[in-house]
2 protein chains.
Amino acid sequence: MDLRLSTPGAARAVALGLLVAATPTLPVGALDALPSWREGPAKRAILSYVERVSRPGSPDYVPAAERIATFDNDGTLWPENPLPFQMFYALDTLRERVKQEPALREDPMVQAALGGDLARLLEGPRHEGLLRVLALTHAGMTTEEFRTSVQRWLATARHPRYGRPYDQLAYQPMLELLRHLRAKGFSTFIVSGGGADFMRVWSERVYGIPPEQVVGSTALTRFELRQGQPVLVKSSDHLFVDDKAGKPVGIHAFIGRRPIAAFGNSDGDLQMLQFTTMANPRPSFGLLVHHTDPRREYAYDAHPTSSGKLVEALRQAPERGWVVVDMAKDWAVLFPQP
Amino acid sequence: MDLRLSTPGAARAVALGLLVAATPTLPVGALDALPSWREGPAKRAILSYVERVSRPGSPDYVPAAERIATFDNDGTLWPENPLPFQMFYALDTLRERVKQEPALREDPMVQAALGGDLARLLEGPRHEGLLRVLALTHAGMTTEEFRTSVQRWLATARHPRYGRPYDQLAYQPMLELLRHLRAKGFSTFIVSGGGADFMRVWSERVYGIPPEQVVGSTALTRFELRQGQPVLVKSSDHLFVDDKAGKPVGIHAFIGRRPIAAFGNSDGDLQMLQFTTMANPRPSFGLLVHHTDPRREYAYDAHPTSSGKLVEALRQAPERGWVVVDMAKDWAVLFPQP
């Protein structure tokens, strides 16, 4: 079922009505921790699980040190369409770079990228074109130069559909969920196929997630002393891709504990959710954000041009007990007020 | 100068005397945060630095989120002689393994290991023999099987010189320092050439450092579902060695922030101390534990059979302002009471 509302105002009014209707179930004076979530099974499941594992004396109580929650980023904490935001960064940066070094135009992969032929970049089993574009835009500079470049891009670039800076497009309901989990003693980690260096520039400011709790794809840096200044030079070597079966691998390598809660939106998150919820001796929780909202955002499962696919994880959700969020129905608002 | 005391009792008496002598400089009622450290320049430098960066209103105040302290493990938090403890684990495990699979005795590297010919294992630029022994003892099992094996070893194995379980040999002065830093809002990380999987089994219990704050050498695991159970199988692939110039690289990859304080004991820590203290806009601190104590522990700098070498870092210490701890002189006790 897909509940469509004609205007955001109407959506808020309905949400408010549902909230009021739900008030008797809240203790007197209790604040709604998830005001942008409409009342329904997804919101109830989240609140009930968090309460069960965090309330001292609860039979399902989990010590705070083990309350690890992992979040996919693209498509789960912010949109991933029409392209993952980091890909916009790569294309914008490449465009600037070619102005300085016109010889780069000879590179067929640069041509494909600048011409918007993303299919060409993804050809081949190892996506050589994409790797070439990422090497041109994500390697060869120091980590500080890269950080400055991402900050400058965030300050000026705008999302093609929403016309807003990319870092103002985090999903408001997920920001509330992150805050609620931390208020209940959880540690919140990002576990994303995106680049760790890219996300760490803004993750603390946007999500309240510090750099040391960001797990992402990484390549090694190279340590150098330049005139008495220690620097780390980014490379494309020893690349670890933190996606699909790489997500539990990244969780083990970087966190070293099994999460008790995992949040994703695509088949790239399937193994993370399996690792978190299957045969876990702790009470566990899995959640998928289902993009069902073409009016306010996007709708895609197996859509061929979408950057995220949700087929196998959605199929397994009922038997595994994973909560599926219907974005159009469950989220009263999508983005923070500008 | 090397102050030798005839008995531990005398050492404690002198330490106590120095403590009493120093009392007037402590506020009335203040407890000594580092009781196992003798009064002297090293202890004064630590306490003064920690106070400067953590006291609100101090001109050198650093926000808590950036109070990152990184510690080498072997030789800094516990001994590394006559061999790093993880090497004892590998050799003990290999001995057991050969009983089950006698054919392994044909392997010349297994022969070298069991015969104590460690020089043979370290031959070649990539130390193939050592890698072979580590592959036999650290790969091919699930992470849970490995954890159980390390726990069982810790429960039964004894250090050849001290006759105590290895996990009771953390340096008492460093345990106090870790606690003091955390009490002052620091996050304490291990950054070690040792295996992350090995250290994470006991780091929280022994040092109060949780798995997610342990950076070490890592190889990738492989995710599998075995009869509905998600497991991670350890491999030797994609090995990252967190030592020497790899330490700042590991800090960047796993923590994503530059530390303000770093603690080491050998040339393997040189680049970590450089990265932490050189041209750091924050007030920073570097410290080297100098093994000067053959009576209670070991004495080595460039000793050819020692597993740790301290030559270049010791040479750079004065110009870089790194504190050098004289173990024999600065530490009143070495190990916790049994």
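Residues numbered from 1 in each chain as written. Chains lettered and ligands numbered in written order. Predicted model: local features only at pLDDT ≥ 70, side-chain atom pairs only at ≥ 80, totals over all residues. Heavy atoms only, no water.

## Regarding the side chain of B:Asp72
Following the sequence through the fold, B:Asp72 ends up in the loop between β1 (68-71) and α3 (85-100). If we skip the residues at most four places from it in the chain, B:Asp72 touches B:Leu77, B:Val191, B:Ser192, B:Lys247, B:Phe263, B:Gly264, B:Asn265, B:Asp269 and B:Met272. (Helix = DSSP H or I, 4+ residues; strand = E, 2+ residues; numbered from the N terminus. Contact = heavy atoms within 4.5 Å.)

## Some points on the packing of aromatic side chains
Under the counting rule described, the total for this entry stands at 41 aromatic pairs over all chains. Judged by centre distance (5.1 Å) and plane angle (50°), the ring pair of A:Tyr171 and A:Trp331 falls under tilted. Separated by 160 residues along the polypeptide, A:Tyr171 in the loop between α7 (143-156) and α8 (172-183) and A:Trp331 in the segment after α14 (327-330) bring together distant segments of the chain. A relative accessible area of 0% places A:Trp331 in the buried class. Aromatic side chains B:Trp202 and B:Tyr207 sit 5.6 Å apart centroid to centroid with 70° between the ring planes, which places their arrangement in the edge-to-face category. Each member of the pair B:Trp202 and B:Tyr207 is classed as buried. Pairwise contacts between aromatic rings join A:Trp78, A:Phe85, A:Phe88, A:Tyr89, A:Phe146, A:Trp153, A:Tyr166, A:Phe198, A:Trp202 and A:Tyr207 into one cluster. In this arrangement the basic side chain of A:Arg161 is found over the ring face of A:Tyr298, its NZ or CZ atom lying 5.0 Å from the centre. (Phe/Tyr/Trp six-rings, centres within 6.5 Å; stacked < 30°, edge-to-face > 60°. Buried < 20%, exposed > 50% of the residue type's maximum accessible area, 1.4 Å probe, protein only. Lys NZ or Arg CZ within 6 Å of the ring centre and 35° of its normal.)

## Notes on the environment of A:Glu224
Residue and element names in this part refer to chain A. Mapped onto the secondary structure, glutamate 224 falls in strand β4 (residues 221-226). Classification of glutamate 224 by relative accessible area gives partly exposed; the value is 24%. Distance from glutamate 224 to proline 318, taken between C-alpha atoms, is 51 Å for residues 94 residues apart in sequence. When neighbours within four sequence positions are excluded, glutamate 224 is seen to be in contact with Gln229, Pro230, Val231 and Val233. A polar contact of 3.0 Å, which involves the side chain of glutamate 224, links it to the side chain of arginine 226. (Polar contact = N/O pair within 3.5 Å; in protein donor to acceptor, adjacent residues only side chain to side chain.)

## Considering the pattern of salt bridges
Opposite charge on two side chains permits pairing when their charged atoms draw close. All names here are of chain A. Tallied over the full model, the rule gives 46 salt bridges over all chains. Between glutamate 39 and lysine 43 there is a salt bridge, and its shortest N-O distance comes to 2.9 Å. By relative accessible area, lysine 43 is classed as buried at 1%. Its salt-bridge partner being arginine 315, residue glutamate 312 comes within 2.7 Å of it at the nearest N-O pair. Here arginine 315 and glutamate 312 lie together in helix α13 (residues 312-320), a separation of 3 residues that amounts to about one turn. Three or more residues joined by partner-sharing salt bridges are found here, namely Asp32, Glu39 and Lys43. (Salt bridge = Lys/Arg side-chain N within 4 Å of Asp/Glu carboxyl O.)

## Let's talk about the packing of helix α3 (residues 85-100) of chain A against helix α6 (residues 128-138) of chain A
Residues and elements named next belong to chain A. Remark: α3 packs on α6, axes separated minimally by 9 Å, with the N-to-C direction vectors making an angle of 65°. By the criterion of interaxial angle, the relationship of α3 to α6 is roughly perpendicular. By crossing handedness, the relation of α3 to α6 is classed as left-handed. Between α3 and α6, the contacting residues are Gln86, Met87, Tyr89, Ala90, Thr93, Leu94 and Arg97 on the first element and Leu130, Val133, Leu134, Leu136, Thr137 and His138 on the second. Class assignment of the residues belonging to the contact of α3 with α6 gives a composition of 8 nonpolar, 4 polar and 1 charged. (Axes fitted to C-alpha atoms, helices over the stretch in contact; angles between N-to-C directions. Parallel < 35°, antiparallel > 145°, perpendicular 65-115°, else oblique. Left-handed = near helix turned anticlockwise from the far one by under 90°. Nonpolar A, V, L, I, M, F, W, Y, C, P; charged D, E, K, R; others polar.)

## Details of the sheet that holds strand β2 (residues 187-195) of chain A
Strand pairing within a sheet occurs via backbone hydrogen bonds; the two strands may be parallel or antiparallel. Residue and element names in this part refer to chain A. Spatially, 6 strands are ordered β3-β2-β1-β6-β7-β8 in an open sheet, and the strand pairing comes out parallel. Both outer strands of the open sheet, β3 (214-217) and β8 (323-326), are each paired with one neighbouring strand and no more. Sheet twist, expressed as the mean angle between neighbouring strand axes with direction ignored, is 15°. Sheet topology note: the strand β1 (residues 68-71)/β2 ladder contains 4 bridges and is parallel. In the strand pairing of β2, alanine 69 is matched with threonine 188. (Pairing = 2+ DSSP bridges.)

## Things to note about the relation of the copies chain B and chain A
Mapping chain B onto chain A calls for a screw motion: a turn of 180° about the axis and a shift of 0.0 Å along it, with 0.0 Å RMSD after fitting. The two molecules are tied by a two-fold rotation axis, judged by turn and shift. When C-alpha distances to the rotation axis are compared across chain B, the minimum falls at B:Phe254, with a value of 3.2 Å. In this assembly, 100% of the residues forming the interface of chain B have copies in chain A that are likewise at the interface, indicating an isologous arrangement. (Least-squares fit on C-alpha atoms with pLDDT ≥ 70 in both.)

## Details of the interface of chain B and chain A
Contact residues are listed per partner, giving 36 residues for chain B and 36 residues for chain A. When chain B packs against chain A, close to 3200 Å² is buried across both sides, 63% of that on carbon and sulfur atoms. Contact with chain A buries surface across chain B, with B:Glu212, B:Phe223 and B:His252 losing the most and accounting together for 19% of the total. The tally of links from chain B across to chain A stands at 4 salt bridges. Between B:Glu212 and A:Arg257 there is a salt bridge, with the nearest N and O atoms lying 3.0 Å from each other. Joining chain B to chain A, the criterion identifies 13 residue pairs in polar contact (both at pLDDT 80 or more). (Buried area = accessible area lost by both parts, 1.4 Å probe.)

## Focus: the environment of A:Met272
Residues and elements named next belong to chain A. Along the chain, methionine 272 falls in helix α12 (residues 270-277). Note on methionine 272: relative accessible area 0%, which makes it buried. Residues methionine 272 and proline 259 lie 13 residues apart in sequence; the distance between their C-alpha atoms is 9.0 Å. The residues contacting methionine 272, other than those within four sequence positions of it, are Thr70, Phe71, Asp72, Val191, Lys247, Pro248, Ile251, Ala262 and Phe263.

## What about the confidence of the model for chain A?
Mean pLDDT over chain A works out to 92, with 91% of the residues at or above the 70 mark. In the model, residues 1-24 of chain A has pLDDT below 50 throughout and makes 26 contacts with residues more than four positions away in sequence or in other chains. (pLDDT = per-residue confidence, 0-100.)

## Examining the pairing of strand β4 (residues 221-226) of chain B
Along any regular strand the residues' side chains alternate between the sheet's two faces. Direction of pairing for β4(B) relative to strand β5 (residues 229-234) of chain B: antiparallel, over a ladder of 6 bridges. Directly across from B:Thr221, in β5(B), lies its bridge partner B:Lys234.

## Description of the side chain of A:Thr188
All names here are of chain A. For threonine 188, the position within the fold is in strand β2. Here the side chain of threonine 188 touches arginine 182 through a polar contact of 3.0 Å, side chain to side chain. Leaving out residues up to four positions away in the same chain, threonine 188 has contacts with Ala69, Phe71, Leu178, Leu181, Arg182, Ile209 and Gln213.

## Here's the deal with unusual backbone geometry
Residues and elements named next belong to chain A. Note the cis peptide between asparagine 81 and proline 82, where omega equals 0°. If you trace the backbone, proline 82 turns up in the loop between β1 and α3. In the Ramachandran plot, histidine 238 falls in the positive-phi region, its phi being about 60° despite a non-glycine side chain. Examined against the element boundaries, histidine 238 turns out to sit in the loop between β5 (229-234) and α11 (246-254). When its relative accessible area of 27% is taken as the criterion, histidine 238 is described as partly exposed. Not every positive phi belongs to a glycine, and alanine 279 is a case in point at roughly 55°.

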